[in-house]
Amino acid sequence: MPSLVIVGAQWGDEGKGKIVDALAGQADVVVRFQGGDNAGHTVFRDGQKFVFHILPCGMLRPRVLNLIGGGVVVNPRKLSEEIALIRLPEREWRRRLRLSGEAHLILDCHLALDRCAEAQRGNRKIGTTQRGIGPAYADRAARTGVRLGDTLDEDYFRAQLKTCLAAKRALLPKALARQVCNVERVARETLKLLRPFRDLIVDTSILLEEARQKGKHILYEGAQGTMLDISAGTYPYVTSSHTIAGGVCVGAGVGPHALDRILGVSKAYATRVGSGPFPTELQNATGETLRRIGGEYGATTQRPRRCGWLDIMQLRQAARLNSLDGIILTKLDVLDGFDKVGVCTAYRWGGKRRPEWPASPVDMAKAEPIYTFLPGWQQPTTGATRFAELPAAARAYINKIEDWLDLPVTMISIGQDRKQLIMRRKVF
Ligand code: IMP
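As a starting point, this report considers the structure included with it. Owing to the predicted nature of the structure, the values given are computational and were not obtained by experimental measurement. (Residues numbered from 1 in each chain as written. Predicted model: local features only at pLDDT ≥ 70, side-chain atom pairs only at ≥ 80, totals over all residues. Heavy atoms only, no water.)

We now examine the overall build of the chain. Within the chain, the regular secondary structure consists of 14 helices and 20 strands. At 22 Å, the chain has a C-alpha radius of gyration in line with the 22 Å of a compact globule built from 428 residues. Each of the three principal axes of the chain carries a C-alpha extent, and together these read 65 × 50 × 40 Å. Put simply, the chain has 428 residues, and 58% of those count as buried. Of the accessible surface of the chain, which amounts to about 17900 Å², a share of 50% is contributed by carbon and sulfur atoms. Once the 62 positive and 44 negative side-chain charges of the chain are each reduced to a mean point, those two points are 2 Å apart. (Helix = DSSP H or I, 4+ residues; strand = E, 2+ residues; numbered from the N terminus. Rg over C-alpha atoms; globule rule 2.2 N^0.38 Å. Buried < 20%, exposed > 50% of the residue type's maximum accessible area, 1.4 Å probe, protein only. Areas by Shrake-Rupley, 256 points an atom, 1.4 Å probe, with all protein chains shown as cover. Lys, Arg positive; Asp, Glu negative; His and termini not counted. Charge placed at Lys NZ, Arg CZ, Asp CG, Glu CD.)

Here it is as structure tokens:
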């Protein structure tokens, strides 16, 4: 199975960073295909913590080529900052990284617009990460965006930038517009920041095709999660990219036949950060316990995450939308102390029990989760190295999830360390 897609099966923050980092050991190429520095992928290496926002998780592996695909939005300032943080010699990171010329730039005007749009929405705000993601993708769709590849020719870049910034001036308060919409200033700063990356800007689609023809192992690393997909998620409380497996094709520049296996990462419970529907949210002591034990604070914004029980209806939706071949279950150990564990196995709205995800926002507002409670295991799982070593009740919990979803749970994460990972099946 030379190409493997890893997507978030919930609302992001499923622990994809650790999984992709672990699997990157078997990969030749790791590809980010959507999102931007709104993502926060936490990777622990020799006791050291790294949080990747824009760089693919394979950057710490000397053997891996890391690609930032055309579906990604790149803030040049954040890119330079993150490169500095990984503390690799320049020669080394340059060897490991390539960027698609099609990736769009996030500029200061996008950050300013993100802040203004959120303020204007009042109590209907999305709760964005304020990284300028929405406005940068809006520019792409409006054909007023600026791409990484555009910066390779200074005159062309300035012309594109002029159109982009002209469209922003009227949307921002005057003083702010003066600060962030000065063509010459933005051009100078951007070109300076991107100078070290200039010759790394290539057609990543061609690199992928070559890698594929050589039978290389390619790992597509999703950011955010299925329910934040611009189209299939809980619109409008979503991000602005395609987070589902279909997003790989458009965001990396490969056709659908190029994807061999697709795995969805899900926590053993559920979390969401930002506003929007989250029917199994527990606004009580149990929710607080999940947050405390799970350390549920955003990797990008440090915001407390909303916590609740696993939702089978939501995961079935994810399985269908992504063509999932299996589930990777993370943070099982967070449930170790609970005497019982809840799972939403149906909804009730309009006086009826319904085994489905309430797709419309109107049904969603009325839907009440129906829970099945399974016995907890009240024993540590963190030292298990094989499925058989997990407590019987933990195994039963996982088996039930497999039955409900009709999908195998292929990997189980039981702690932060790279070694705390049970591999049940070969994934590559
Ligand atoms: P944006 O992507 O910054 O526009 O934010 C839109 C929504 O997606 C907000 O609810 C964010 O909290 C959420 N979001 C964006 N990136 C992530 C992520 O990496 N993990 C979890 N939630 C995210």
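Successive residues of a regular strand alternate their side chains across the two faces of the sheet. Side chains V29 and V31 of strand β2 (residues 29-32) all project onto a buried face; the interleaved residues V30 and R32 project onto the opposite face, where all are buried too. In terms of strand pairing, β2 meets strand β10 (residues 218-221) through 4 bridges, oriented parallel. Bridging from a neighbouring strand, R32 pairs with E221 of β10. (Pairing = 2+ DSSP bridges.)

A few words now on the side chain of D229. In this structure, D229 sits in the loop between β10 and α10 (246-253). No salt bridge is formed by the buried D229; its nearest oppositely charged neighbour, R140, is found at 10 Å. In terms of polar contacts, D229 uses its side chain to reach the backbone amide nitrogen of A232, at 2.8 Å. Apart from residues no more than four positions distant in its own chain, D229 is found in contact with V238, S241, H242, T243 and I244. (Salt bridge = Lys/Arg side-chain N within 4 Å of Asp/Glu carboxyl O. Polar contact = N/O pair within 3.5 Å; in protein donor to acceptor, adjacent residues only side chain to side chain. Contact = heavy atoms within 4.5 Å.)

Of note, the bond from Y235 into P236 is cis; its omega dihedral lies within 30 degrees of zero at 5 degrees. As for its position among the elements, P236 is in the loop between β10 and α10.

Using the criterion set out here, one finds 22 salt bridges in the structure. The salt bridge partner of D21 is R418, with a shortest N-O separation of 2.7 Å. Here D21, found in helix α1 (residues 16-24), pairs with R418, found in the loop between β19 (409-413) and β20 (421-423); they are 397 residues apart in sequence, far enough to count as distant. Exposure remark for R418: the relative accessible area of 24% places this residue in the partly exposed category. Taking the shortest distance from any N to any O, the salt bridge between R63 and D28 comes out at 3.2 Å. On the criterion of sequence distance, the pair formed by R63 in the loop between β4 (48-52) and β5 (65-68) and D28 in the loop between α1 and β2 is long-range, its members being 35 residues apart. For R63, a relative accessible area of 55% gives the class exposed. Look at D28 and you get buried, because its relative accessible area is 17%. If you follow the salt bridges from partner to partner, you end up with D13, K267, E296, R305 and K331 in one network.

Turning to the site of the ligand, a few remarks are in order. Taken together, 17 residues are adjacent to the ligand, and D13, N38, T129, T239 and R303 come closest. Between an oxygen atom of the ligand and a side-chain N or O atom of N38, the distance comes to 2.9 Å. Expressed as a share of its isolated accessible area of 470 Å², the protein-covered part of the ligand is 97%. (Near = heavy atom within 4 Å.)

A few words on the sheet that holds strand β9 (residues 201-202). Adjacent strands of a sheet form backbone hydrogen bonds with each other and so pair up, either parallel or antiparallel. Across the sheet, 10 strands lie side by side as β9-β7-β5-β2-β10-β1-β11-β15-β19-β20; this open sheet has mixed pairing. Two strands bound the open sheet, and with one partner strand each, they are β9 and β20. One ladder, built from 5 bridges, connects strand β11 (residues 261-267) with strand β15 (residues 326-330); its direction is parallel. If you follow V265 over to β15, its bridge partner there is I328.

Next up on the list: helix α6 (residues 154-169). Each turn of an α-helix holds 3.6 residues, which means side chains three or four residues apart point in the same direction. Taking 1.5 Å as the rise per residue, α6 with 16 residues should run 22 Å; its terminal C-alpha atoms sit 22 Å apart, in good agreement. Those residues of α6 lying buried are F157, L161, C164, L165 and K168. All buried residues of α6 project into a common sector of 95 degrees when viewed along the axis, lining one side. What points out from α6, more than 90 degrees from its buried face, is the exposed set D155 and K162. Contact partners of the buried residues in α6: β8 (104-105), α4 (108-121), α5 (133-142), α7 (174-180) and α8 (183-194). (Expected span 1.5 Å × (residues − 1). Arc of directions from axis to C-beta.)

Before going further, it helps to spend a moment on the pairing of β11. Counting buried positions over the 7 residues of β11 gives 7, a clear majority of the element. Residues R261, L263, V265 and K267 line one face of β11 and the alternating positions I262, G264 and S266 line the opposite face, and both faces are buried. As paired elements, strand β1 (residues 3-8) and β11 share 5 bridges and run parallel to each other. Note on β11: the bridge partner recorded for V7 is G264.

Moving on, we get to the packing of α4 against α6. The contact between α4 and α6 brings their axes to 11 Å, and the two run at 25 degrees. Classified by the angle between their axes, α4 and α6 sit roughly parallel to one another. At the point where α4 passes α6, the crossing takes the left-handed sense. Facing C109, H110 and L113 of α4, the residues of α6 in contact are C164, L165 and K168. Looking at the contact of α4 with α6 residue by residue, the classes come out as 4 nonpolar, 1 polar and 1 charged. (Axes fitted to C-alpha atoms, helices over the stretch in contact; angles between N-to-C directions. Parallel < 35°, antiparallel > 145°, perpendicular 65-115°, else oblique. Left-handed = near helix turned anticlockwise from the far one by under 90°. Nonpolar A, V, L, I, M, F, W, Y, C, P; charged D, E, K, R; others polar.)

Using the criterion set out here, one finds 9 aromatic pairs in the structure. Centroid distance W11 to W357: 6.2 Å. Interplanar angle 55 degrees. Geometry classified as tilted. Of the two residues, W11 sits in the loop between β1 and α1 while W357 sits in the loop between β17 (352-354) and α13 (361-366), which places them 346 residues apart along the sequence. For W11, a relative accessible area of 2% gives the class buried. Between Y347 and W357, the aromatic rings sit 6.2 Å apart at their centres with planes inclined by 75 degrees, giving edge-to-face as the arrangement. Of this pair, Y347 sits in strand β16 (residues 340-349) while W357 sits in the loop between β17 and α13, and the two are 10 residues apart along the sequence. Of the two residues examined, Y347 and W357, each falls in the buried class. Across from the ring centre of F373, 4.8 Å away, lies the NZ or CZ of K340, which sits over that ring. Its end group placed over the ring of F387, R424 keeps NZ or CZ at 3.7 Å from the ring centre. (Phe/Tyr/Trp six-rings, centres within 6.5 Å; stacked < 30°, edge-to-face > 60°. Lys NZ or Arg CZ within 6 Å of the ring centre and 35° of its normal.)

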